[in-house]
Amino acid sequence: MSARHLVLSGIAKSFDGPSGRQRVVDGFDLEVEARELVALIGHSGCGKSTVLSMVAGLTKPDVGSIVLGGRAVKDPGPDRGMVFQSACLLPWMTALQNVLLAVEQVMPSATRAQQRASAMHYLELVGLDDAAARKPAELSMGMRQRVGLARAFACRPDVLLLDEPFGMLDSITRMELQDVLLSLWSEHRITALMVTHDVDEALLLSDRVVMMTSGPHAHVGEILEVALERPRNRRMLVEDARFDAMRERVIGFLEERAGHHAAPTDEERDELESLSLAEPSSKAEATISGSAP
Ligand SMILES: Nc1ncnc2c1ncn2[C@@H]1O[C@H](COP(=O)(O)OP(=O)(O)OP(=O)(O)O)[C@@H](O)[C@H]1O
């Protein structure tokens, strides 16, 4: 497998809007290595989901190319897994059956017992082996998202695309799910591209934080290598001066981009404040939580 597993080159995409056609993303270049977890962060509306959707093959770029594992991305395909804010489970199936659907695709010639054992393995990894027989309506939102993550990893995609996967969860559940993602990813090391609004989440989970400029014509502004050892946990990170420095750099980038508009609106100020999960003066005591954007 090539080190540069996913390559986006010169991507541009325009949409019709109220004030005419606008080039939302322009000159977007990114290379993601195999088994790397990359976080994509930027102001609301800059085009993060559009980039993810183009990698998924759901939206076609106007210009540029996307190559995954040496093959050009033209359409959606099973080599790409997606996790959205809500888990999109099949409501008439149990948690186990939802995960089994994925396992059947990647292990078609295995016996039923082997398939069930594999599905149970993924449910155990997300801490839901006791809830295997429950249907989505009998699960909390956080539990459903756990099943969604188990299913996504069970598919063994060439790249996993996560679009604010914890955006709808309360901060405690969000922290739990961040831990679940960390442990799943540590065990299976799937190449992953994750959109998030949460600076601390990006630093806790990713190998690199890709910062997008504000739209229109959004592109990669800066890339931060998250040079923090794994396995990571939030308590270690909040005591690490390197974490503080990285957080400052990402927030600084976002503040500067907010300044590129005529003047930050109240909403933009609120958004920036929510991106930082602790006041600078209380960093040492801060816990990395998952405040909603
Ligand atoms: N199918 C579409 N048709 C028209 N406009 C679109 C379409 N998809 C996205 N846009 C516009 O493109 C811009 C970028 O949207 P996108 O959802 O990619 O941003 P985002 O950075 O993911 O935002 P957020 O962080 O708020 O989710 C927005 O102005 C949005 O209205």
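Residues numbered from 1 in each chain as written. Predicted model: local features only at pLDDT ≥ 70, side-chain atom pairs only at ≥ 80, totals over all residues.

Q: Can you tell me about the overall build of the protein chain, naming the residues and giving the values?
A: Looking only at helices and strands, the protein chain features nine helices and 10 strands. Residues classed as buried in the protein chain amount to 43% of the 293 residues present. (Helix = DSSP H or I, 4+ residues; strand = E, 2+ residues; numbered from the N terminus. Buried ≥ 20, exposed ≤ 12 C-beta atoms within 10 Å, placed from the backbone.)

Q: Hey, could you go over the pairing of strand β8 (residues 192-195) for me, with residue numbers and the actual values?
A: On β8, burial covers both faces: Ala192 and Met194 on one face and Leu193 and Val195 on the other are all buried. In this sheet, β8 lies alongside strand β3 (residues 37-41) in parallel orientation, the contact comprising four bridges. Within β8, the residue paired with Ala39 across the bridge is Met194. Across four bridges, the pairing between strand β7 (residues 159-163) and β8 is parallel. Bridging from a neighbouring strand, Leu160 pairs with Ala192 of β8. (Pairing = 2+ DSSP bridges.)

Q: I'd like a description of the domain arrangement of the protein chain, backed by residues and values.
A: Under the domain assignment used here, the protein chain contains domain 1 (1-79 + 158-260) and domain 2 (89-156). The straight-line distance from the C-alpha centre of domain 1 to that of domain 2 is 26 Å. At nine residues, the largest contribution of residues to the side of domain 1 that touches domain 2 is made by helix α5 (residues 171-188). The residue makeup of the side of domain 1 that touches domain 2, split by class, is 10 nonpolar, three polar and two charged. (Domains from an automatic or database assignment. Nonpolar A, V, L, I, M, F, W, Y, C, P; charged D, E, K, R; others polar.)

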